[in-house]
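Residues per chain are reported as follows:
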Amino acid sequence: MPDDGRGFSGDGRVRMGAKRAPAGGPPVPPLLAAVAAWSWRAIAIGVVGYGLVWIVGTLKFVFIPCAVALFLCALLRPLTARLERLGLPALAATWVTMLFGLAVLGGIGTYVGIQANSEFPKLASEIQVTAKSIQHWLETGPFHIKHSQLQDSLDKGIDYLEQRRGKIADTALEAGTLTAEILTALVFMVFVTFFLLKDGSRIWAWTISGTGRYRARVDRAGRAAWETLSQYVHGTVMVAAIHAVVLAVVLAILGVPLVAPLAVVIFLGSFIPIVGILVGGALAVAVTFGAKGGVAALVFLGILIIEHQIESHLLQPLLVGRLVRLHPLAIILAISVGGIAGGIPGAAVAVPIAAVVYRAWPALRDPPDELPPEVATALAEHPDDPVDPAGTKSADEPEDSPDSGDTDARTPTRDELP
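These remarks concern the structure in this document. What you see is a predicted model, and the numbers here were worked out from it, not measured in a lab.

Notes on the overall build of the chain
- Each helix and strand counted, the chain has 11 helices and 0 strands in total.
- Of the regular secondary structure in the chain, the N- to C-terminal order runs α-α-α-α-α-α-α-α-α-α-α.
- By the burial criterion, 31% of the 418 residues in the chain qualify as buried.
- Across the chain, every contact between residues at least 6 apart in sequence was considered, and the portion connecting residues at least 24 apart equals 71%.
- As displayed, the chain offers around 26,200 Å² of accessible surface, 70% of which is attributable to carbon and sulfur atoms.

If you want it as structure tokens, here you go:
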């Protein structure tokens, strides 16, 4: 066919190899196209992330107990596994572990309640004495504040509380409703912990059963995540216990009341790195100042700072380990994001989530033949074992299950990995 010079043949069809002029104006620069492509993907990720945060916030009384139950399972699973190796069935080992944990928590709670009930009046009287000493120092010290001015400030504070008595009553009513919700969440948490301890391996195998050819990678990432979470929980519990015991001994030597409640607050605060110790330590310093005066408070503050430095530079590296060590800036950013998104619970779980993601993501991205050392060792020792994030099999699980022939329901061995 003859060509008319515009890339068309005589019958109007486009001639092969002809260049067509752009129809929509000048072409988009490659850099702008790449930025636009990354931008809409980032927007999509942000929308999905915001949706997930909204769902978690709406169902917080489901997600928070499940998260706490997962931490408790990581803490208690070694005891259950040891009992199973001693010959106890999985159900009996789980019950013994749960009863032991509940007994420890119940005993600590009872002791703290008894001490708080008996020593709170003593603390109130000591605070009154300290307040009078401060008032006398303000009147006779370098500030020379008049007694009438202090009395006016005190009266204004009392009037402020009187005017807001109704709001305080409403807050107390809301606190009662919140207490009922917390008790319900605690019961739910106990049930979730029980089944994670008893059937954790089966739950994990069912969870990854639909991942198809990516199952080996998901298995490897899950093992790395579980190892990181277990090491974080065990190390943090030991560090928090040492921290609480040392400061409780210091408070007892100084003669500060409410030693056990303050020790519990310091122990729980240690689960939120940096921020938790500041809040718990500030409360202990305030109680020490109110009960024993400024000198005792300064002594306790100095010991608190020294102990915190020892914890950060010695206990954390030794007990928590290198697998979950994050830079302080990463810790602060994780706590800030978690606190903004989920309040105190979000700040508490932000660091372990960051550590788990940091360890699991490389294991998920690596090709199947590049296994992490700990996973390779586990596969070499037990190549035919089903997936178990806790590292053990249930004692009552038969070696040859009826589903062993189903390739989608079992873990591939080393020889079967692609």
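Digging into the side chain of Thr-94
- Along the polypeptide, Thr-94 turns up in helix α3 (residues 90–140).
- Once residues lying within four places of it in the same chain are set aside, the contact partners of Thr-94 are Thr-80, Phe-194, Leu-197 and Lys-198.

What about the packing of helix α7 (residues 259–269) against helix α8 (residues 275–292)?
- Contact pair α7 / α8: the axes reach a minimum separation of 7 Å and the direction vectors enclose 165 degrees. With respect to α8, the element α7 is oriented roughly antiparallel. The hand of the α7/α8 crossing is left-handed. Across the interface between the two elements, Leu-262, Val-265, Ile-266 and Gly-269 of α7 pack against Gly-276, Ile-277, Gly-280, Leu-283, Ala-284 and Val-287 of α8.
- Along the lines of polarity and charge, the residues of the contact of α7 with α8 split into 7 nonpolar, 3 polar and no charged.

Some details on the nonpolar core
- Leu-229, Ile-335 and Val-351 are the most contacted members of the largest nonpolar core, which totals 27 residues.
- Of all elements in the fold, only α2 (60–85), α5 (165–207), α6 (215–254) and α10 (328–365) reach the threshold of two or more residues within this core.
- Per-element accounting of this core gives the leading share, 8 residues, to α10.
- When neighbours within four sequence positions are excluded, Ile-335 is seen to be in contact with Ile-272, Pro-273, Val-275, Ala-347, Ala-350 and Val-351.
- Judged by nonpolar contacts, the second largest core, of 19 residues, contains Ala-248, Leu-251, Val-285 and Ala-291.

Overview of the pattern of salt bridges
- Taken as a whole and judged by the stated rule, the model has 3 salt bridges.
- A salt bridge links Glu-84 to Arg-77; the nearest nitrogen and oxygen atoms lie 3.7 Å apart.
- Lys-198 is the salt-bridge partner of Asp-199, the closest N and O atoms lying 3.2 Å from each other. Accessibility assignment for this pair places Asp-199 and Lys-198 in one class, buried.

Re α8
- Helix length check: α8 (18 residues) gives 25 Å between terminal C-alpha atoms against 26 Å at 1.5 Å per residue, within 8%.
- All of the buried residues in α8 are Gly-276, Ile-277, Gly-280, Gly-281, Ala-284, Val-285, Val-287, Thr-288, Gly-290 and Ala-291.
- In the stretch just after α8, Gly-293 is the one whose phi turns positive, near 95 degrees.

Thoughts on the packing of aromatic side chains
- Across all of its chains, the model carries 3 aromatic pairs by this definition.
- Seen from their ring centres, Phe-267 and Phe-271 are 5.4 Å apart, and the 80 degrees between their planes marks the pair as edge-to-face.
- According to the relative accessible area criterion, Phe-267 is partly exposed, its value standing at 25%.
- Residue classification places Phe-271 among the partly exposed residues on the basis of a relative accessible area of 24%.
- Three or more aromatic residues link up through ring pairs in this structure, and these residues are Trp-95, Phe-194 and Phe-195.

Notes on the environment of Gly-200
- Here Gly-200 lies in helix α5.
- Measuring from C-alpha to C-alpha, the distance between Gly-200 and Arg-77 comes to 9.5 Å, with 123 residues separating the pair along the chain.

A word on a nonpolar patch on the surface
- On the surface, Val-48, Tyr-50, Leu-52, Trp-54, Ile-55, Val-56, Leu-59, Val-62, Phe-63 and Phe-188 cluster together into a nonpolar patch covering about 970 Å² of accessible area.
- Those elements giving two or more residues to the nonpolar patch turn out to be α1 (30–58) and α2.
- Broken down by element, the nonpolar patch gets its largest block of residues, 6 residues, from α1.
- The class of Val-56 is partly exposed, set by a relative accessible area of 38%.

Concerning the environment of Tyr-358
- When you line up the elements, Tyr-358 lands in helix α10.
- Residue Tyr-358 is classed as exposed on the basis of its relative accessible area, which comes to 56%.
- Taking C-alpha positions, Tyr-358 is 9.9 Å from Ala-224, a pair spaced 134 residues apart along the chain.

Remarks on the environment of Ile-332
- Within the element layout of this structure, Ile-332 appears in helix α10.
- Once the C-alpha coordinates of Ile-332 and Ala-347 are considered, the two residues, 15 residues apart in sequence, prove to be 9.7 Å apart.

Points about the packing of α6 against α10
- As a packed pair, α6 and α10 sit with axes 8 Å apart at the nearest point and diverge in direction by 150 degrees. Judged by the inter-axis angle, α6 sits roughly antiparallel to α10. Between α6 and α10 the crossing geometry is right-handed. Taking contact as the criterion, the partners of Arg-217, Val-218, Arg-220, Ala-221, Ala-224, Ala-225, Glu-227, Thr-228, Leu-229 and Tyr-232 in α6 are, on α10, Val-351, Pro-352, Ala-355, Val-356, Arg-359, Ala-360, Ala-363, Leu-364 and Arg-365.
- A breakdown of the residues in the contact of α6 with α10 according to their chemical character gives 13 nonpolar, 1 polar and 5 charged.

What counts as what
- Residues numbered from 1 in each chain as written.
- Predicted model: local features only at pLDDT ≥ 70, side-chain atom pairs only at ≥ 80, totals over all residues.
- Heavy atoms only, no water.
- Helix = DSSP H or I, 4+ residues; strand = E, 2+ residues; numbered from the N terminus.
- Buried < 20%, exposed > 50% of the residue type's maximum accessible area, 1.4 Å probe, protein only.
- Contact = heavy atoms within 4.5 Å.
- Areas by Shrake-Rupley, 256 points an atom, 1.4 Å probe, with all protein chains shown as cover.
- Axes fitted to C-alpha atoms, helices over the stretch in contact; angles between N-to-C directions.
- Parallel < 35°, antiparallel > 145°, perpendicular 65-115°, else oblique.
- Left-handed = near helix turned anticlockwise from the far one by under 90°.
- Nonpolar A, V, L, I, M, F, W, Y, C, P; charged D, E, K, R; others polar.
- Core = buried A, V, L, I, M, F, W, Y, C linked by side-chain atoms within 4.5 Å.
- Salt bridge = Lys/Arg side-chain N within 4 Å of Asp/Glu carboxyl O.
- Expected span 1.5 Å × (residues − 1).
- Phe/Tyr/Trp six-rings, centres within 6.5 Å; stacked < 30°, edge-to-face > 60°.
- Patch = residues over 30% accessible without salt bridge, like charges linked within 9 Å, V, L, I, M, F, W, Y side chains within 5 Å.

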